[in-house]
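Here is how the chains run, residue by residue.
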Amino acid sequence: MKINVVNRGHQPLPQYATSQSAGMDLRANLDAPVTLQPLERRLIPTGLHIALPAGYEAQVRPRSGLALKKGITVLNSPGTVDADYRGEIGVVLINLSQEPFVVNDGERIAQMVIARYEQGELTEVDVLDETERGDGGYGHTGVK
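Caption draft 1: The arrangement of the sheet that holds strand β6 (residues 56-61) in detail. The sheet built from four strands is open, its strands ordered β2-β11-β6-β8 with antiparallel pairing. Each of the sheet's edge strands pairs with one partner strand only, and the pair in question is β2 (23-27) and β8 (79-81). For this sheet, the mean inter-axis angle between neighbouring strands, taken without regard to orientation, is 35°. As paired strands, β6 and strand β11 (residues 108-116) are joined by six bridges and run antiparallel to one another.

Caption draft 2: Up close: the pattern of salt bridges. Taken as a whole and assessed by the stated rule, the structure comprises three salt bridges. Note that R42 and E40 form a salt bridge whose closest N and O atoms lie 3.7 Å from each other. For E40, a relative accessible area of 25% puts it in the partly exposed group. Linked by salt bridges that have partners in common, D25, R63 and R108 make up one network.

Reading the values: rules and limits
- Residues numbered from 1 in each chain as written.
- Predicted model: local features only at pLDDT ≥ 70, side-chain atom pairs only at ≥ 80, totals over all residues.
- Heavy atoms only, no water.
- Pairing = 2+ DSSP bridges.
- Helix = DSSP H or I, 4+ residues; strand = E, 2+ residues; numbered from the N terminus.
- Axes fitted to C-alpha atoms, helices over the stretch in contact; angles between N-to-C directions.
- Salt bridge = Lys/Arg side-chain N within 4 Å of Asp/Glu carboxyl O.
- Buried < 20%, exposed > 50% of the residue type's maximum accessible area, 1.4 Å probe, protein only.

The structure is reproduced here in C-alpha cells:
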C-alpha cells in the first residue's frame, strides 16, 4: 500500500528494519536534545505528516528496547493517527525510570504500525446474549 508523506523534518522517512517487520521506526525531529526527567512526559515531534487511505490507521507504539533498557514508553499506547488527520505525527513519551533520559535528534523513539479497521454501528438493546464467560472480568479464570 502506498502512503503519501510530507516530511517537514530533517530525518529520513521511516523504514521497516526487516522484510517481515510490522512496525517502522519513528525518529525524533529536534532542534536540541530533550531531557525527560523521571515520570515526565513530553510530545516529541517527528516532522512527518501522512495521508492514510480510508479504513486504515497508524498505531504509534513503544520500542521494546527503549522500554526494557531505559524505561521509556509511549504514554497513550497505542496512539492512533486517523486516516483524516493531516497534522504532524507527535509521540507522547514518558520516562518511567528513576533516571533522566535524553532524547536526541534522530533517535528512534517509537514504531508505527499501519492497520485496517472497521467502524461499528452501535445498536442499543435491553439485554445481551448469554456466553460461557458472561460478565467475568479481570482475573476471572484464576490461577491454573
